[in-house]
Amino acid sequence: KVGNQPKFRYKSPKYVADEIQELVDVYGITKLSFCDEDFFGHKEGVERALELFRILIERNIHIDLHVNARVRTVMWLAKNGYLDLCSQAGVKYMYVGLESYNDKSLALFDKAITTKDIDYVVDELAKHKIRINPGLITFDPTLTIDGVKDNIDLFRRINYYDAFIFTRRLVLYPNAS
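Structure report, in brief. Computed from a predicted structure; not experimentally measured.

**Notes on the overall build of the chain**
And then number 1: Across its full length, the chain carries seven helices and four strands.
And then number 2: Looking at the chain residue by residue over its 177 residues, the buried ones come to 43%.
And then number 3: Across the chain, contacts joining residues at least 24 apart in sequence account for 77% of those joining residues at least 6 apart.
And then number 4: Here the chain displays about 11200 Å² of accessible surface, and carbon together with sulfur accounts for 52% of that area.

**Quick notes on the pattern of salt bridges**
Proximity of charged atoms lets side chains of opposite charge pair with each other.
And then number 1: Evaluation of the coordinates by the stated rule reveals 13 salt bridges.
And then number 2: Between aspartate 18 and arginine 59 there is a salt bridge, with its nearest N and O atoms 2.8 Å apart. On the criterion of sequence distance, the pair formed by aspartate 18 in helix α1 (residues 13-27) and arginine 59 in the loop between α2 (43-58) and β2 (64-69) is long-range, its members being 41 residues apart.
And then number 3: Between glutamate 47 and lysine 43 there is a salt bridge, and its shortest N-O distance comes to 3.3 Å.

**Thoughts on the sheet that holds strand β3 (residues 91-99)**
And then number 1: If you walk across this open sheet you meet the four strands as β1-β2-β3-β4, and the pairing is parallel. Each of the sheet's edge strands pairs with one partner strand only, and the pair in question is β1 (31-33) and β4 (131-136). Between one strand axis and the next, the sheet turns through 20° on average, direction left out of account.
And then number 2: Looking at chain direction, β3 and β4 are connected through five bridges and run parallel. Looking across to β4, one finds that tyrosine 95 is bridged to asparagine 133.

**What to know about unusual backbone geometry**
And then number 1: Positioned with a positive phi, aspartate 110 is a non-glycine residue whose angle comes to about 55°.
And then number 2: Structurally, aspartate 110 is set in the loop between α5 (103-108) and α6 (115-127).
And then number 3: On the basis of relative accessibility, which here comes to 64%, the residue aspartate 110 falls in the exposed class.
And then number 4: Positive phi, close to 60°, is recorded for alanine 112, a residue that is not glycine.
And then number 5: Position of alanine 112 relative to the elements: it lies in the loop between α5 and α6.
And then number 6: For alanine 112, a relative accessible area of 53% corresponds to the exposed category.

**Re the environment of leucine 106**
And then number 1: Relative to the helices and strands, leucine 106 is located in helix α5.
And then number 2: Classification of leucine 106 as buried rests on a relative accessible area of 1%.
And then number 3: C-alpha separation for the pair leucine 106 and isoleucine 137, spaced 31 residues apart in sequence, amounts to 9.7 Å.
And then number 4: Apart from residues no more than four positions distant in its own chain, leucine 106 is found in contact with Leu98, Glu99, Ser100, Lys111, Ile113, Thr114, Thr115 and Ile118.

**Re the nonpolar core**
And then number 1: One finds Ile20, Phe40, Phe53 and Met94 to be the most contacted residues of the largest nonpolar core, which totals 47 residues.
And then number 2: It is α2 that provides the largest number of residues to this core, a total of seven residues.
And then number 3: Leaving out residues up to four positions away in the same chain, isoleucine 20 has contacts with Leu32, Phe34, Leu52, Leu56, Ile61 and Ile63.

Scoring rules and cut-offs
Residues numbered from 1 in each chain as written. Predicted model: local features only at pLDDT ≥ 70, side-chain atom pairs only at ≥ 80, totals over all residues. Heavy atoms only, no water. Helix = DSSP H or I, 4+ residues; strand = E, 2+ residues; numbered from the N terminus. Buried < 20%, exposed > 50% of the residue type's maximum accessible area, 1.4 Å probe, protein only. Contact = heavy atoms within 4.5 Å. Areas by Shrake-Rupley, 256 points an atom, 1.4 Å probe, with all protein chains shown as cover. Salt bridge = Lys/Arg side-chain N within 4 Å of Asp/Glu carboxyl O. Pairing = 2+ DSSP bridges. Axes fitted to C-alpha atoms, helices over the stretch in contact; angles between N-to-C directions. Core = buried A, V, L, I, M, F, W, Y, C linked by side-chain atoms within 4.5 Å.

Written out as structure tokens, the structure reads:
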């Protein structure tokens, strides 16, 4: 609950699975993107997402899913053996906030991750055939040309090519942490 805004209310995994089933059966949908900033969210959100995946598998619902996640969440899923469940349920793409393949930039923006964490996430998602759609600050005011090259090398490594990624710029707002 933020200010006077209503509290966010989640739908149950069964209800979401029912909606997905209808999209597949009635409308022939084969791909679905969840637009949540972080599909998994906090601990209860991760449990709810994993339950949804179990239901999709149990019902034999075949759909390609695209979800958003944080690096730390993907690390937790991998270390606890849940990426296989994600893959079996149809997760084909994960937009992951990798941020930068430069430890100085990651520290500067207080991302609480390292390039070693990014390597782990990239490797684990590849093992489970889940493609990464990277959230990456390609350029920042402190990045050297070598840092830009490191980001480009990461794009190559994950086989991600998007011309627009090189035309975006980071805008630092006053008082931003």
